[in-house]
Amino acid sequence: MKLAERMGRLGTESAFDVLARARGLEAQGRDVVHLEIGEPDFDTPAHIVEAASAALRDGHTHYCPALGLPELRDAIAEYISRTRGIDVSRDQVCVSPGAKPIMAWTIQALCQEGDEVICPNPSYPIYESMANFVGATVVPLPILEERDFRFDPRDLQARLSPRTRLVVLNSPANPTGGFLDKTDFEAIADILRDHHCMVLSDEIYSRILYAGEHYSIACEPGMRERTILLDGFSKTYAMTGWRLGYGVFPRELVPHIDRLAVNSVSCTASFTQKAGVAALNGPQGPVEAMVAEFKARRDLIVEGLNSIPGISCRLPLGAFYVFPNVKQLGLSSKALADRLLEEAGVAVLAGSAFGDHGEGYLRLSYANSIPNIDKALERIAALASRLVA
Ligand code: PLP
C-alpha cells in the first residue's frame, strides 16, 4: 500500500505503546506497576456520572452543533472568565472530543510548509507530531532542569523569526511538572508582543497545582486575541475516557475550527457534554481531594527517588509527573525505561520520548496508589543499585 508522504512525519505518544507492552507482560503473568500513562486513577465524581446517565435517559443521544451545546459553551465561557480573569463569551468556545483535537485543529488551521512552530522540548509529543504532519518546521525551545523545568526567555527570543507562526506553551507541564508563574508570562508576553505569531496555551493541568496560582498568557495585554487557550475535563475531573475538552479561540478563527470539527468529528457526544456542565457547575470538592492526594504522592515519590543513588529529582509544582535525572545510571533513557519494564516490572517513559532535551531523564506518572508507588520505588532502587555497582 502506498501511504501519503505526510504519514511518515506523523509521530505518536509512547505512553500508549508502553502501556500495550506492559499489558502484554501482564498477560504472561508478570506483575507490572503502571507509572507510564497520564491519567488520574480516581473515578469520575458520582454527580458527573449521574448527569451523563440522566442525559442518556432524557434522549441526549443525537447529533448536536459541531462547536458544542450552547449550555456547555456558556458554562466554559463563565469558567474561563472566572478562573483566568478575562472576558470570554460563548462564541469563542469550541468543544471537542478530548482536548487533543484542539491541538490538531489549531495547527491545521494556522500552519503549513514554510512556517515555524516553536515547541517546548521536552513536551507533549503531539504538538510536534501535528506540526510536522502539516509540513511546518518545529523549532525546539529547551526546557531546563536548572531552571526548574522552565525555559529561558532569551532562548525564546533567539528562536523567533519572521516565519514563526505558532508558539506552544504548556503550564503546568507534561512531562516535567514545570510551572510558569505570572512573572514568567510577563517576560514571555513582552517578547511575543513584537511578533505576529499566535500562541497555543495548553492549560490542561491548570487545576493540578500544588503551589502558586495558575496564570494564562491570555491575561497579558495584547495576547488574548492571539492566544488559543486549550483546557478540558480529562485531568481535572478524572474523565480521560469520556473524551471532552475545549479551546477558547480568537473570534475570527472560530468558523474555521467549526469546519475542521464538521469535517473530522461532526460533534462531541451530547450526553458527555451534559456531564461537562455538571462538572463545571457542580461541587468542586472531589477535585480538591484528588489534588491533595496527588500532592502526598508527589512528596513520597520525589523523596523516594532522591534517596536512590544515581537518581536526582526536582520537586514539580504541578501536573502528576516527576522527571528524574538518571544520567548517572549510565544508560540512555530508552534503555533504562526498557530495563525497568522488562527486568523490574515498572512501566515508565523515557524522557527522550518527549524530545531530545528529555534524554537523561525518565517520566513517571504518580497517578497510582501509594502502595504501588512504594513498590515501584523499591524495584527502581534495586535495578539502580545493580547499575551503579
Ligand atoms: N495536553 C497535555 C499537556 C496532555 O498531557 C494531554 C494528555 O495527556 C492532553 C493535552 C490531552 O488531553 P485529552 O485526553 O483531553 O485529549
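Here's what I pulled together on the structure shown here.

Rules of the game
Residues numbered from 1 in each chain as written. Predicted model: local features only at pLDDT ≥ 70, side-chain atom pairs only at ≥ 80, totals over all residues. Heavy atoms only, no water. Pairing = 2+ DSSP bridges. Helix = DSSP H or I, 4+ residues; strand = E, 2+ residues; numbered from the N terminus. Salt bridge = Lys/Arg side-chain N within 4 Å of Asp/Glu carboxyl O. Buried < 20%, exposed > 50% of the residue type's maximum accessible area, 1.4 Å probe, protein only. Core = buried A, V, L, I, M, F, W, Y, C linked by side-chain atoms within 4.5 Å. Contact = heavy atoms within 4.5 Å. Disulfide = S-S within 2.5 Å. Near = heavy atom within 4 Å. Polar contact = N/O pair within 3.5 Å; in protein donor to acceptor, adjacent residues only side chain to side chain. Areas by Shrake-Rupley, 256 points an atom, 1.4 Å probe, with all protein chains shown as cover. Nonpolar A, V, L, I, M, F, W, Y, C, P; charged D, E, K, R; others polar. Expected span 1.5 Å × (residues − 1). 1 Å grid on protein atoms, 1.4 Å probe; cavity = no way out; pocket = protein on both sides within 12 Å on 5 of 7 lines; lining within 4 Å. Points joined across faces, edges and corners; volume = space filled by probe spheres on them. Axes fitted to C-alpha atoms, helices over the stretch in contact; angles between N-to-C directions. Parallel < 35°, antiparallel > 145°, perpendicular 65-115°, else oblique. Left-handed = near helix turned anticlockwise from the far one by under 90°.

1. Focus on the sheet that holds strand β11 (residues 349-350)
And step 1. Reading across the sheet, the three strands line up as β9-β12-β11 and stay open at both edges, with antiparallel pairing between neighbours. Each of the sheet's edge strands pairs with one partner strand only, and the pair in question is β9 (321-322) and β11.
And step 2. Two elements, β9 and strand β12 (residues 362-365), share two bridges in a ladder whose sense is antiparallel. Of the residues in β12, the one forming a bridge with Y321 is S365.

2. Focus on the pattern of salt bridges
And step 1. For the structure on display, the rule yields 27 salt bridges.
And step 2. With its nearest N and O atoms 3.0 Å apart, the salt bridge here joins D41 to R297. Note that D41 is positioned in the loop between β1 (33-34) and α2 (46-57) and R297 in helix α10 (residues 285-306), a separation of 256 residues in sequence.
And step 3. Residue class for D41 comes out partly exposed when judged on its relative accessible area of 35%.

3. A few points about the nonpolar core
And step 1. Grouped together as the largest cluster of nonpolar side chains are 99 residues, with contacts concentrated most on I301 and L305.
And step 2. Here this core gets seven residues from one element, more than from any other, and that element is α10.
And step 3. Setting aside residues up to four positions removed in sequence, L305 forms contacts with I311, C313, V322, P324, L364, L377 and I380.
And step 4. With 23 residues, the next largest nonpolar core counts I118, F149, L180 and Y215 among its residues.

4. Points about unusual backbone geometry
Both trends apply: most residues other than glycine have a negative phi, and most peptide bonds are in trans.
And step 1. The residue after N121, namely P122, is reached through a cis peptide bond having omega 5 degrees.
And step 2. The omega angle of the peptide bond from S171 to P172 is -15 degrees, so this bond is cis rather than trans.
And step 3. In this structure, P172 sits in the loop between β5 (164-170) and α7 (182-192).
And step 4. In the Ramachandran plot, D148 falls in the positive-phi region, its phi being about 55 degrees despite a non-glycine side chain.
And step 5. By the secondary structure assignment, D148 is in the loop between β4 (137-142) and α6 (153-159).
And step 6. With relative accessibility at 40%, the residue D148 sits in the partly exposed group.
And step 7. Despite not being glycine, F149 shows a phi value in the positive range, around 60 degrees.
And step 8. Looking at where F149 falls in the secondary structure, it is placed in the loop between β4 and α6.

5. Side note on the state of the cysteines
And step 1. Inspection of every chain in the model, using the stated rule, returns zero disulfides.
And step 2. The closest cysteine sulfur to the non-disulfide-bonded C94 is located on C64, 13 Å from its own sulfur.
And step 3. The buried category is assigned to C94, whose relative accessible area is 0%.
And step 4. With no disulfide partner, C111 has as its closest neighbouring cysteine sulfur the one in C119, 9.1 Å distant.
And step 5. For C111, a relative accessible area of 5% translates into the label buried.

6. Things to note about the site of the ligand
And step 1. Inspection of the region around the ligand gives 14 residues, with N174, D202, Y205, S234 and K235 positioned closest.
And step 2. Interatomic distance of 2.8 Å between a backbone N/O atom of A99 and an oxygen atom of the ligand.
And step 3. Between the ligand and K235, the relevant distance is 2.6 Å, taken from an oxygen atom to a side-chain nitrogen or oxygen of the residue.
And step 4. When isolated, the ligand has an accessible area of 390 Å², and the protein chains bury 94% of it.
And step 5. For the shell around the ligand, the per-class residue count stands at six nonpolar, four polar and four charged.

7. Describing helix α9 (residues 270-281)
And step 1. Taking 1.5 Å per residue, 12 residues should reach 16 Å; α9 reaches 17 Å between its end C-alpha atoms and fits that length.
And step 2. Where burial is concerned, most of α9 is hidden: nine out of the 12 residues are buried.
And step 3. Where α9 is buried, its residues contact α2, α3 (70-84) and β2 (93-96).

8. Quick look at empty space enclosed by the protein
And step 1. Tallied over the full model, the rule gives four cavities of 30 Å³ or more.
And step 2. Quantified by volume, the largest cavity comes out at close to 120 Å³.
And step 3. Considering the residues around the largest cavity, the lining is formed by 16 residues, among which P120, I143, F149, N170 and A173 are closest to the centre.
And step 4. For the lining of the largest cavity, the per-class residue count stands at nine nonpolar, six polar and one charged.
And step 5. Roughly 60 Å³ of volume is contained in the second largest cavity.
And step 6. Lining of the second largest cavity is provided by I86, V88, Q92, A218, R224, T227, L229, V248, F249 and P250.
And step 7. Within the lining of the second largest cavity, the residues separate by chemical class into seven nonpolar, two polar and one charged.

9. Considering the side chain of S96
And step 1. Along the chain, the position of S96 falls in strand β2.
And step 2. S96 sits in the buried class, given a relative accessible area of 0%.
And step 3. When neighbours within four sequence positions are excluded, S96 is seen to be in contact with P101, I102, W105, R243, L244, G245, Y246 and T268.

10. Some points on the packing of α10 against helix α12 (residues 370-388)
Packed helices, taken two at a time, are described by the angle between their axes plus the distance between the axes.
And step 1. Where α10 meets α12, the axes come as close as 10 Å, and the angle between the chain directions of the two elements is 15 degrees. Between α10 and α12, the crossing angle belongs to the class labelled roughly parallel. The two elements α10 and α12 meet at a crossing, and its hand is right-handed. Taking contact as the criterion, the partners of E293, R297, L300, I301, G304 and L305 in α10 are, on α12, I370, I373, D374, L377 and I380.
And step 2. Looking at side-chain class alone, the contact of α10 with α12 contains seven nonpolar, one polar and three charged residues.

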